[in-house]
Amino acid sequence: MSTERRAPLDRRRVADAALRLLDEVGLEGLTLRAIAKELDVKAPALYWHFKDKQALLDEMATEMMRRMAAELTADPETPDADWRETLFRRMSGLRAHLLRHRDGAKVYAGTRFTDLSYAEPMEANLRTLVEAGFAPDAAARAWFTAYSYTIGFVIEEQAMGPDPATGTGGYDLDARADRLAAHPLAAESGRVVLQNRDRGFEAGLRAVIAGVAATLL
């Protein structure tokens, strides 16, 4: 249970509690009733702040963005950094933040931010690309392409397990290879895709950035 039960209840405190609980129960188990229990309040008290679960998810995603923005401000890029490395670093940072929470990418994807905490990081990303020679519309497309790759990768990464709370689940690669013995390329792909996800993410992101440079710059 939370040690901050007597603190005034507000949207940010509810979002903080929801993010903590998310790590224990995952997105499917996250309910307003469970969050109310975590905060030691009655469930109707949360409806003063959030009309439904989607509104809460929007606030949770916004809180995640606030934390990312604070870290970006504390660790700015060097002025002469190549745009490719800057984009690579920022998308790697996004992935790291999403992985801090169980089902973090699912919570984050498709939500509507409740404040403008996303605006300055987004402006910084786009400004980096425009200053590197991208037209504004090409910069937007380049950023969104890398962003979409990152979100999609982490959704799959977290869905494939193992469960961060129990360490169980995920794919048995040997059993998968046995099932696909008649399809050797498909069998081997599992070891490429499902092992060493850090390296896999980085290789894919480098490919995306190379494609951006070849087609949009």
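Since we're looking at a predicted model, the values are computed, not measured. (Residues numbered from 1 in each chain as written. Predicted model: local features only at pLDDT ≥ 70, side-chain atom pairs only at ≥ 80, totals over all residues. Heavy atoms only, no water.)

## Some details on the UniProt feature "DNA-binding region" (unreviewed entry) in the chain
Line of reasoning, step 1. On the UniProt side, "DNA-binding region" (unreviewed entry) is annotated at positions that read residues 31–50 here.
Line of reasoning, step 2. For residues 31–50, the helix share is 60%, the strand share is 0%, and the end-to-end C-alpha distance is 12 Å. (UniProt positions renumbered as here; feature names shortened; annotations may be inferred. Helix = DSSP H or I, 4+ residues; strand = E, 2+ residues; numbered from the N terminus.)

## Some details on unusual backbone geometry
Backbone geometry follows two general trends: most residues other than glycine have a negative phi, and most peptide bonds adopt the trans configuration.
Line of reasoning, step 1. Residue Asp 40 is not a glycine yet carries a positive backbone phi of 60°.
Line of reasoning, step 2. Even without glycine at this site, Asp 103 takes up a positive phi of about 60°.
Line of reasoning, step 3. As for its position among the elements, Asp 103 is in the loop between helix H5 (83–99) and helix H6 (104–108).

## Digging into the nonpolar core
Line of reasoning, step 1. Counting 51 residues, the largest nonpolar core has Ile 35, Met 60 and Tyr 108 as the members making the most contacts within it.
Line of reasoning, step 2. With 10 residues, helix H8 (residues 136–159) is the single largest residue contributor to this core.
Line of reasoning, step 3. The contact partners of Tyr 108, leaving out residues within four places of it in the chain, are Ala 61, Met 64, Met 65, Met 68, Leu 94, Leu 98, Phe 113, Tyr 147 and Ile 151. (Core = buried A, V, L, I, M, F, W, Y, C linked by side-chain atoms within 4.5 Å. Buried < 20%, exposed > 50% of the residue type's maximum accessible area, 1.4 Å probe, protein only. Contact = heavy atoms within 4.5 Å.)

## Some points on the packing of H5 against helix H7 (residues 119–131)
Line of reasoning, step 1. Axis separation between H5 and H7 bottoms out at 9 Å; the angle between their running directions is 160°. It follows from the interaxial angle that H5 and H7 lie roughly antiparallel. When you trace H5 past H7, the crossing you get is left-handed. From H5, Trp 83, Thr 86 and Arg 90 reach across to H7, where they touch Ala 124, Asn 125, Thr 128 and Leu 129. (Axes fitted to C-alpha atoms, helices over the stretch in contact; angles between N-to-C directions. Parallel < 35°, antiparallel > 145°, perpendicular 65-115°, else oblique. Left-handed = near helix turned anticlockwise from the far one by under 90°.)

## Regarding empty space enclosed by the protein
Sizing a probe to match a water molecule and rolling it over the atoms shows the empty space that remains.
Line of reasoning, step 1. By the definition in use, this model includes one cavity of 30 Å³ or more.
Line of reasoning, step 2. Counted as a void, the largest cavity has a volume near 40 Å³.
Line of reasoning, step 3. If you trace the largest cavity, you find it lined by Trp 83, Thr 86, Leu 87, Arg 90, Asn 125, Thr 128 and Leu 129.
Line of reasoning, step 4. When residues of the lining of the largest cavity are traced back to their parent elements, those giving at least two are H5 and H7. (1 Å grid on protein atoms, 1.4 Å probe; cavity = no way out; pocket = protein on both sides within 12 Å on 5 of 7 lines; lining within 4 Å. Points joined across faces, edges and corners; volume = space filled by probe spheres on them.)

## Topic: the side chain of Thr 62
Line of reasoning, step 1. Mapped onto the secondary structure, Thr 62 falls in helix H4 (residues 53–74).
Line of reasoning, step 2. If we skip the residues at most four places from it in the chain, Thr 62 touches Arg 112, Phe 113, Thr 114, Asp 115 and Ser 117.

## Regarding H7
Line of reasoning, step 1. For H7, which comprises 13 residues, the first-to-last C-alpha distance of 18 Å matches the rise-based estimate of 18 Å (1.5 Å per residue) to within 8%.
Line of reasoning, step 2. Within H7, the full set of buried residues consists of Pro 121, Ala 124, Asn 125, Leu 126, Thr 128 and Leu 129.
Line of reasoning, step 3. Positive backbone phi, at 115°, marks Gly 133, one or two positions downstream of H7. (Expected span 1.5 Å × (residues − 1).)

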